[in-house]
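# Summary of the model geometry
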Amino acid sequence: TTPPVEFATGPEDQIEDRAQWGNSIEFLMSCIAMNVGLGNIWRFPFVAYENGGGAFLIPYLLVLIFLGRPMYYLEMCLGQFSSRGNVKMFESLAPILKGVGYGQLIGTICVATYYCSLMAITLFYLINSFTSDLPWSECDPAWENHTLLQNLTCLASKSEGGTNLTKTISSAELWFRIEVLKESTDISDGIGLPEWRLTLCLLVSWLITFSVCAKGVQTSGKASYFLAIFPYVILGSLLIRAVTLEGAGQGILYFVQPKWEKLLSAKVWYSAVTQCFFSLNIGFGSVTMYASYNTFRHNVYRDAMVVTTLDTCTSFLAGLIIFGILGNLAYKMQVNVSDVVKSGGTGLAFISYPEAIARFEAVPWLFAILFFFMLFVLGVGSLVALKGCAFTVVMDSFPHLEIWHVSLATAIGGFLVGLLYITPGGQWIFTMVDFFGGTFIFYVLTILEIVTVMWWYGLENICLDLEYMLKRKAGAYWRICWCVVTPLILITVFFYFIATLEELTYEGKSYPTNIIAWGWVLLGLGVMQPVVWFFVELAKRQRTESVDEALKSLISHDSWGPKDLNKNRRWQEFKVKAKHAKDLKHRSWIKEKLCILVGK
């Protein structure tokens, strides 16, 4: 048997040239703030309702167990083991994989820039909630000649009683489209100029995000306590209010009542995968980035279990709140719940929910303030992580730069790009970028990530790395998921995604050809990064090496390992001993079987 390996701990466990979390709780709180975001509040309830209600929880939980949790834990481990952000982590694993990290970065930048535009709209709603008469609760006479009111009648959101909803449009929807977005119904002539009030809200959103992470994890870690805990205080208050409203039970029942026939639909399983995928930030690089600031022996196993479980529970809690309040809205209007659920995403957050709040009899403005403030805080927590990905890539490559300079530069860049989304045609661009940059890119690159790590570097190698770092062996569940189940789920979902691909539209309207062309360019820019960086790195190496030598160095794993030199040396010794022990065990097993056969 192989003698036990002693793990020396001490000052060498600190990496002097890299910032670290103040303590283990800061990391956990930051992960909670990162993952529990806007998608839990406005996307999960609608996706669940649309895909079988309570029955949707079955595929969602199965996807969480066999895809979400294994991938989340793996990305945490890769970041902590290498003490590098996603680009440098992939480059150290094999230089040829450097482009995977840059492709993820492009996708993350796409998501971060449009994410902050949603925060700007949320902030605008928050500011306009500080009044006893909510501005979206009444019809404005100035809207009478607007194109949205052709053949339709404005219905004040605070009106009572049953109404023929087929030829009406709520004041909440009109206020959102006309006053907030100043929405354009056609972008063939351009998307227009940024709305000045939303521009100020966007600027404030980025300034707050910059102030939270001005010095990297040293400041964002301290803010994470508030960003992670405070939303649950408001969620608790809203839950108590929601379940005590008249008609709330009808709405909650509508949300959780299983529609078992939906389980036979491939679309439901696809929706479960995409919801879990984006709720946990899988493939974004943010999980790897946050974990890279941990100490080498930190217990990421515990944190992965806590965060993935809490994320799911929060999504379900949000569903109870949202549909409890929508049930009350349906009760007051004397219609079915389905008639007040406009859509998911922005429609649920900025139309259905404000409309429901406007009908509250007691202090509707207070609940509006609580809801939109909670959304904004959730947004800050997620945006800090997305912005941190770009920040970490720069700091890993140029560690001599001032931290706050890089943080400020990334915030300014995010603000300038974000101006696209607060133009009259901004929602068109939002939908296009979300599809090509926030969905397509991550599918392709996450498949590359799991396949290269598990099928190329090797399952046994990664399990030995984790055993050395965490002092615990990876069990059969993790091995089977990583090597077989997770890759197959991702590949299957990707082919389903391609097979069911339809023309991208915005609210049923087709995009101009030039806008769709830019979407494909964005997609190509992201997924072609591995190819681009392969040729860049090959050209660099050919200056001093032959083609064969350059190719061998590109696919080698020689640079992989703990960043700390002392731990790296002990890790290599550990792997040699572990593999030697495995060989001895294998030989002993063969010898035992041969002896049995000879004896017979």
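Residues numbered from 1 in each chain as written. Predicted model: local features only at pLDDT ≥ 70, side-chain atom pairs only at ≥ 80, totals over all residues. Heavy atoms only, no water.

### Topic: a nonpolar patch on the surface
Inclusion rule: The patch calculation keeps residues exceeding 30% relative accessible area without a salt bridge and links them within 9 Å when they carry like charges or within 5 Å when they are nonpolar (Val, Leu, Ile, Met, Phe, Trp, Tyr). Per-residue and other accessible areas follow the Shrake-Rupley method at a 1.4 Å probe size, with only the shown protein chains counted as cover for residues. Between Lys or Arg on one side and Asp or Glu on the other, a salt bridge is scored when a side-chain nitrogen of the former is within 4 Å of a carboxyl oxygen of the latter. Numbered from the N terminus, helices here are DSSP runs of H or I no shorter than four residues, and strands are runs of E no shorter than two.
On the surface, Ile 58, Leu 62, Ile 65, Phe 66, Trp 260 and Trp 269 cluster together to form a nonpolar patch covering roughly 520 Å² of accessible area. At 4 residues, helix 3 (residues 57–82) tops the list of elements feeding residues into the nonpolar patch. As for its placement among the helices and strands, Leu 62 is situated in helix 3.

### Some words on the confidence of the model for the protein
Convention followed: As a per-residue measure, pLDDT reflects the predictor's confidence and takes values from 0 up to 100. Contacts are assigned to residue pairs with any non-hydrogen atoms lying within 4.5 Å of each other.
Of the residues in the protein, 94% reach a pLDDT of 70 or more, and the chain-wide mean stands at 86. No element of the protein has a lower mean pLDDT than strand 2 (residues 168–170), which averages 78, and none a higher one than helix 7 (residues 196–212), which averages 94. Here residues 1–16 scores under 50 on pLDDT; set against residues more than four positions off or in separate chains, the count is 26 contacts.

### Section: the nonpolar core
Worth spelling out the cut-off: Here the nonpolar core consists of buried residues drawn from Ala, Val, Leu, Ile, Met, Phe, Trp, Tyr and Cys, with membership extended through side-chain atoms lying within 4.5 Å. Remark: exposure states derive from per-residue accessible area (1.4 Å probe, protein chains only) relative to the maximum for the residue type, with buried under 20%, exposed over 50%, and partly exposed in between.
Phe 371 and Trp 482 are the most contacted members of the largest nonpolar core, which totals 191 residues. Broken down by element, the residue count for this core peaks at 25 residues, all from helix 16 (residues 426–470). Filtering out sequence-adjacent residues up to four positions away, Trp 482 remains in contact with Pro 70, Tyr 73, Leu 74, Ile 450, Met 454, Leu 459, Cys 463, Leu 466, Ala 474 and Pro 487. Judged by nonpolar contacts, the second largest core, of 6 residues, contains Val 87, Tyr 102, Ala 390 and Val 393.

### Quick look at the packing of helix 13 (residues 346–358) against helix 14 (residues 364–397)
To keep it simple, the criterion reads: Think of each axis as a best-fit line through the C-alpha atoms, taken over the contacting stretch in the case of a helix, with angles from 0 to 180 degrees between the N-to-C directions. In this scheme, roughly parallel covers angles under 35 degrees and roughly antiparallel covers those over 145, while 65 to 115 is roughly perpendicular and the rest are oblique. The handedness criterion is simple: a crossing whose near helix is rotated anticlockwise from the far helix by less than a right angle is left-handed, and one whose near helix is rotated clockwise is right-handed.
Where helix 13 contacts helix 14, the axes come no closer than 9 Å and their chain directions differ by 155°. Between helix 13 and helix 14, the angle is such that the two are roughly antiparallel. The two elements helix 13 and helix 14 cross, and the hand of that crossing is right-handed. Note on element contacts: helix 14 touches helix 13 through Pro 364, Phe 367, Ala 368, Phe 371, Phe 372 and Leu 375, opposite Ala 349, Phe 350, Tyr 353, Pro 354 and Ile 357.

### So, the packing of aromatic side chains
Condition: Here is the rule: rings of Phe, Tyr and Trp (six-membered ring for Trp) pair when centre to centre is within 6.5 Å. Planes less than 30 degrees apart are stacked, more than 60 are edge-to-face, and the remainder are tilted.
Evaluation of the coordinates by the stated rule reveals 57 aromatic pairs. Centre to centre, the rings of Phe 81 and Trp 571 are 5.7 Å apart; their planes meet at 70°, and the pair counts as edge-to-face. One end of the pair, Phe 81, is in helix 3; the other, Trp 571, is in helix 21 (residues 565–599), and 490 residues separate them in sequence. Each member of the pair, Phe 81 as well as Trp 571, is classed as buried. Ring geometry for Tyr 270 versus Tyr 496: centroids 5.3 Å apart, planes at 50°, classification tilted. Separated by 226 residues along the polypeptide, Tyr 270 in helix 10 (residues 266–279) and Tyr 496 in helix 17 (residues 476–499) bring together distant segments of the chain. Residue classification places Tyr 270 among the buried residues on the basis of a relative accessible area of 18%.

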